[in-house]
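Breakdown of the fold
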Amino acid sequence: AFRFTPRPLDPPDWTAAVIFAFVSLVIVLWAESIRRGGRRAAESRRVSDRDRIDGEARLHDVQSVVAVNRDLANHIDLQGLLPKICRLARTLAGADGATFVVREGERVRYVAEDAMAPLWAGQTFPIDHCISGWSISARETAIIEDVYADSRIPVEAYRRTFVKSLLMVPVHSERGVVSAIGTYWAERHRPTEREIGLLEGFARAASDAIPIAHLFA
């Protein structure tokens, strides 16, 4: 009669198992390195794109300021120059309005403006009770994201206007700071470093043009 004799099982092949695990680990690490390399390449492309965009923006800013200087040089009468300054300031900042303010003793007068709706052209305010007066007196740029949350703002004068945010830049001249350029936004806006730099550079160009205009006034 046939008799079956069971044969003991072979011991597990640990060598093959170790090799399989090692190969699997290598594949996983290889795939992870490819994924990380892809992320680094994508990040490098993003950085390169940002650098290119920043470079183009800086070139555009330089071209804008050069164009502004050329434009201001064509205006030798003060009456035509100040509205032009407001239009250029508004364009440079991408703002909804701009004003030119002059100190008159202890008051300031809004002598020109270019805006989506009337602001304060022709009106005067105490120098210590408005943001343009503060900028002129302190010789500093005022950066205000919310006009209703800044103690330097005469709130009642702003309620009837569209203004939510502003940037006020002093105009330095040989006589000191006797004027300022304001730009205004209808929506809450935090002026960027680029906008601040453009407007401060523009104020310097305006200060060079204004004395020339006085000679022909």
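The coordinates are above.
One numbering rule holds for all chains: residues counted from 1, following each sequence as written. With the structure being a predicted model, the display of local features is reserved for residues of pLDDT at least 70 and the display and counting of side-chain atom pairs for 80 or more, all residues being used for whole-chain, interface and lining totals. Excluded from the side-chain calculations are hydrogens and water; all other atoms, namely the structure's heavy atoms, are used.

**Concerning helix α3 (residues 131-138)**
Where we set the bar: When a residue's accessible area, from a 1.4 Å probe over protein chains only, is under 20% of the maximum for its type it is buried; when over 50% it is exposed; and in between it is partly exposed. In this description a helix means any DSSP run of H or I spanning at least four residues, a strand means any run of E spanning at least two, and both kinds are numbered starting from the N terminus. By the convention used here, residues are in contact when the closest approach between their heavy atoms is within 4.5 Å.
Within the span of α3, buried status applies to Ile 131, Ser 132, Gly 133, Ser 135 and Ile 136. In this structure, the buried side of α3 is in contact with β1 (97-104), β2 (107-115), β4 (142-144), α4 (155-158), β5 (165-173) and β6 (176-185).

**Brief notes about the nonpolar core**
Generally speaking, a soluble globular protein has its nonpolar side chains buried in company with each other. Definition in use: Only buried residues count toward a nonpolar core, which is a set of Ala, Val, Leu, Ile, Met, Phe, Trp, Tyr and Cys residues joined through side-chain atoms within 4.5 Å.
Of all hydrophobic cores here, the largest spans 24 residues; its most connected members are Trp 120, Tyr 158, Leu 166 and Tyr 184. Put simply, the parts of the chain that give this core at least two residues each are β2, α3, β4, α4, β5 and β6. Element by element, the count of residues in this core is highest for β6, at three residues. Setting aside its immediate chain neighbours within four residues, Leu 166 contacts Ile 131, Ala 142, Ile 143, Ile 144, Val 147, Ile 153, Tyr 158, Thr 183, Tyr 184, Trp 185 and Pro 191. Leu 167, Val 169, Ile 196 and Leu 198 belong to the second largest nonpolar core, which has 23 residues in total.

**A short note on the sheet that holds β4**
Just so we agree on the cut-off: Strands are labelled as partners when DSSP assigns at least two bridges between them. The axes are straight lines fitted to the C-alpha atoms, using for helices just the contacting stretch, and the angles between their N-to-C directions are given from 0 to 180°.
Read across the open sheet, the six strands follow the order β3-β2-β1-β6-β5-β4; overall the sheet is antiparallel. Of all the strands in the sheet, the pair left with one neighbour each is β3 (124-126) and β4. Taking each pair of neighbouring strands and ignoring which way they run, the sheet shows an average axis angle of 25 degrees. Here eight bridges tie β1 to β2, and the two strands are oriented antiparallel to one another. Among the inter-strand pairings, Arg 103 is bridged to a residue of β2, identified as Val 108. The strands touched by α3 within the sheet are β1, β2, β4, β5 and β6, with β5 carrying the most contacts at an inclination of about 35 degrees.

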